[in-house]
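Descriptive analysis of the structure
Chain residues, written in single-letter form:
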Amino acid sequence: LFLISMTYALLRFKSKLPHSTRDLVTGCMIKWLKKEEIATPKTAICSPLHECFMHLLNEWSSLGNLVLPRDLFLSLGEEAVAASSRGAIGQKCQRFAKLWASDDDCFSAVKEQYTRMLSSTPDARARQWKETMGIADEPAPTSPAGDDMQDDP
């Protein structure tokens, strides 16, 4: 409840949020993700804190580059992955990649926020981010043989 309340309070500032406040909040939340030492790394990756952090970044990003520039958005996403998985920034995280590829319910809310981040990112940059994180592009849906060649009645 605290994280949700804090997120809503911060979002009320909209584009008037000082960068110093943004930086303080993101730095603090990254430290909190790192400090979830009592939990297993999977629990930290799937945590409500991780979800709220990425939700906050997505909302700030939707306000434009004035609040959260795209490159900072993506680098904070990398930091969140590294912090929650106890890994190094910019290195592939096998645990994150395995959860991404799975349909594990504990990770679905976090994955939704990352998917939202990547969907608002140019394709080439999104592919680069995914490659850095060690996650594969999901294959495009294919139609059964011949279905795409049928004429409409």
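Residues numbered from 1 in each chain as written. Predicted model: local features only at pLDDT ≥ 70, side-chain atom pairs only at ≥ 80, totals over all residues. Heavy atoms only, no water.

Concerning the pattern of salt bridges
The following threshold applies: Criterion for a salt bridge: a side-chain nitrogen of Lys or Arg within 4 Å of a carboxyl oxygen of Asp or Glu. Think of it in three bands: with a 1.4 Å probe and only protein chains considered, a residue is buried below 20% of the maximum accessible area for its type, exposed above 50%, and partly exposed in between. Strands are runs of DSSP state E lasting at least two residues, helices are runs of H or I lasting at least four, and both sets are numbered from the N terminus onward.
Scanning the entire structure with this criterion turns up three salt bridges. In this structure, the salt-bridge partner of aspartate 23 is arginine 22, at a minimum N-O distance of 2.8 Å. Note on aspartate 23: relative accessible area 39%, which makes it partly exposed. A relative accessible area of 7% means that arginine 22 is categorised as buried. Across the pair lysine 42 and aspartate 104 runs a salt bridge, and its minimum N-O distance is 2.8 Å. Of the two residues, lysine 42 is situated in helix H3 (residues 41-45) and aspartate 104 in the loop between helix H6 (94-101) and helix H7 (105-119); the sequence distance between them amounts to 62 residues. Taking the relative accessible area as the measure of exposure, aspartate 104 reaches 24% and is therefore partly exposed.

Structural notes on helix H4 (residues 48-62)
Counted only if it meets this: One less than the number of residues in a helix, times 1.5 Å, gives the span that helix is expected to have.
Over its 15 residues, H4 extends 21 Å from the first C-alpha to the last, a length consistent with the 21 Å expected when each residue adds 1.5 Å. Every buried residue of H4 is listed here: Leu49, His50, Cys52, Phe53, Met54, Leu56, Leu57, Asn58, Trp60 and Ser61. Phi turns positive one or two residues past the end of H4, at glycine 64, with a value near 105 degrees.

Quick word on the nonpolar core
Test applied: Grouping buried Ala, Val, Leu, Ile, Met, Phe, Trp, Tyr and Cys residues that are joined through side-chain atoms within 4.5 Å yields what is termed a nonpolar core. We call two residues in contact when some of their heavy atoms are within 4.5 Å.
Among the nonpolar cores identified, the biggest contains 40 residues, and Phe53, Trp60, Phe96, Tyr114 and Trp129 are the most heavily contacted of them. Taken together, the elements giving at least two residues each to this core come down to helix H1 (2-11), helix H2 (19-34), H4, helix H5 (70-85), H6, H7 and helix H8 (123-133). With seven residues, the top contributor of residues to this core is H4. Once you skip the residues sitting within four places of it in the chain, tryptophan 129 turns out to touch Leu74, Gly77, Glu78, Val81, Phe96, Tyr114, Met117, Leu118 and Ile135.

Quick notes on the environment of threonine 115
Structurally, threonine 115 can be placed in helix H7. Considering only alpha carbons, one finds threonine 115 and alanine 126, eleven residues apart in sequence, at a separation of 9.8 Å.

Describing the packing of H4 against H5
Let me state the cut-off plainly: To define axes, lines are fitted to C-alpha atoms, for helices over the stretch in contact only, and angles between the resulting N-to-C directions are given on a 0 to 180 degree scale. These descriptions rest on fixed angle ranges, namely under 35 degrees for roughly parallel, over 145 for roughly antiparallel, 65 to 115 for roughly perpendicular, and the rest for oblique. Just so you know the grouping, Ala, Val, Leu, Ile, Met, Phe, Trp, Tyr, Cys and Pro go in nonpolar, Asp, Glu, Lys and Arg go in charged, and all remaining residues, Gly too, go in polar.
With their axes 10 Å apart at the nearest point, H4 and H5 run at an angle of 175 degrees to one another. Classed by the angle they form, the pair H4 and H5 counts as roughly antiparallel. The segment H4 lies against H5, with His50, Phe53, Met54, Leu57, Asn58 and Ser61 engaging Arg70, Phe73, Leu76, Gly77, Ala80, Val81 and Ser84. Within the contact of H4 with H5, the residues separate by chemical class into seven nonpolar, five polar and one charged.

A look at unusual backbone geometry
Notably, lysine 14 is not glycine yet its phi reads approximately 50 degrees, a positive angle. Mapping lysine 14 onto the fold places it in the loop between H1 and H2. Among the residues examined, lysine 14 registers a relative accessible area of 51% and is labelled exposed. Despite not being glycine, arginine 86 shows a phi value in the positive range, around 65 degrees. Tracing the backbone shows arginine 86 in the loop between H5 and H6. Look at arginine 86 and you get partly exposed, because its relative accessible area is 34%.

A look at H7
Heads up, the rule is: Throughout, the bend at a residue refers to the angle made by two axes, fitted to the seven residues ending there and to the seven starting there. Here a polar contact means two N or O atoms within 3.5 Å. Within protein one must be a hydrogen donor candidate and the other an acceptor candidate, and residues neighboring in sequence count only if both atoms are side-chain atoms.
Here H7 contains 15 residues, and its C-alpha end-to-end distance of 21 Å stays within 8% of the 21 Å for a straight helix at 1.5 Å per residue. Lysine 111 marks where H7 bends most, by close to 30 degrees. Within the span of H7, buried status applies to Phe107, Val110, Lys111, Gln113, Tyr114, Met117 and Leu118. On its buried face, H7 is in contact with H3, H4, H5, H6 and H8. You can read the cap of H7 off the contacts: a side-chain oxygen lies 3.1 Å from the backbone nitrogen of cysteine 106, and it is on aspartate 104.

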